[in-house]
Every structure is written in structure tokens, then in C-alpha cells.
Amino acid sequence: AAFAKEKAEFDNNIAAVNKAVAALEKGMGGSFLQTTSAQVLRALATSSQDMLDADRQELVAFLSQGSGYAPSSGEITGILKQLGSEMSSHLAEITAAEEAAVKNYEEMMS
């Protein structure tokens, strides 16, 4: 149950990051800020222990402003892509660990 909850949270966060990157790359950052994915991303940015403080501040500043954002040098997009990659890697690690634990349990029970 704990794994399922953690996996669902990772899936939700990764989806929000991917939607943000897609919106920014299409020049639609302003409309993205009005979505629930932006709210998920805002919560993630403020709670993530894995982010550098400078990246967190940049991301929160972007998520807090209106539609006037112009992605100068792609900083926000880069931060989001890195965050998404790190979350995907961590999800793969915990999934592999869970699968190994299930396999070990099944072997012990047979």
C-alpha cells in the first residue's frame, strides 16, 4: 500500500512536470499556470528536498507570476526537465526495489 501511494504521487508529479515542459516549449506558459498541474508543480517545488534552493526559487517565482513569463535561456524548462528526469529515475529505483521484494516474498512462500 505504501508503494502504491508513493508510485501514484510520483506519477502525478512527473505528469505535471511533463505538461509544464510541453506548455513552455510551445510558448503557452501563461495558460499552464492556470491548470491543476501547475498547482501540483507548485506544491512539489516547495516541498522537494532534492532541488537546489536557487532552482526552487526560480521555479516558484515562475509559478507565482502571471502570463508575462518569457523563458529566458530556457532556465525554467531546464530545471523542469532535470526534475522530471530525477523523479523518473527515482521511480524506476523504487519500482525495482518493490518488484524484488515481491519476488523474494513469493520465493520464500513457495
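Please refer to the structure higher up on the page.
What comes next is a walk through the structure. (Residues numbered from 1 in each chain as written. Predicted model: local features only at pLDDT ≥ 70, side-chain atom pairs only at ≥ 80, totals over all residues. Heavy atoms only, no water.)

## Some remarks on a nonpolar patch on the surface
Move 1: The grouping of Y105, M108 and M109 at the surface amounts to a nonpolar patch, some 400 Å² of accessible area in total.
Move 2: Inspection of the secondary structure assignment puts M109 in helix 5 (residues 75–109).
Move 3: Overall, M109 belongs to the exposed group, its relative accessible area being 57%. (Patch = residues over 30% accessible without salt bridge, like charges linked within 9 Å, V, L, I, M, F, W, Y side chains within 5 Å. Areas by Shrake-Rupley, 256 points an atom, 1.4 Å probe, with all protein chains shown as cover. Salt bridge = Lys/Arg side-chain N within 4 Å of Asp/Glu carboxyl O. Helix = DSSP H or I, 4+ residues; strand = E, 2+ residues; numbered from the N terminus. Buried < 20%, exposed > 50% of the residue type's maximum accessible area, 1.4 Å probe, protein only.)

## A closer look at helix 1 (residues 2–25)
Move 1: Spanning 24 residues, helix 1 covers 35 Å between terminal C-alpha atoms, matching the ideal 34 Å at 1.5 Å per step.
Move 2: Those residues of helix 1 that fall on the buried side of the exposure criterion are F10, N13, I14, A16, V17, A20, V21, A23 and L24.
Move 3: Its buried side turned inward, helix 1 meets helix 2 (29–32), helix 3 (36–47), helix 4 (53–64) and helix 5.
Move 4: Directly after helix 1, the chain includes G27, whose backbone phi takes a positive value near 75°. (Expected span 1.5 Å × (residues − 1). Contact = heavy atoms within 4.5 Å.)

## Regarding the packing of helix 4 against helix 5
Move 1: Look at helix 4 against helix 5: their axes get within 10 Å of each other, and the N-to-C directions meet at 115°. Handedness of the helix 4/helix 5 crossing: left-handed. Side by side, helix 4 and helix 5 meet where D55, E58, L59 and F62 of the first sit next to E75, I76, I79 and L80 of the second.
Move 2: The class makeup of the residues in the contact of helix 4 with helix 5 is five nonpolar, no polar and three charged. (Axes fitted to C-alpha atoms, helices over the stretch in contact; angles between N-to-C directions. Left-handed = near helix turned anticlockwise from the far one by under 90°. Nonpolar A, V, L, I, M, F, W, Y, C, P; charged D, E, K, R; others polar.)

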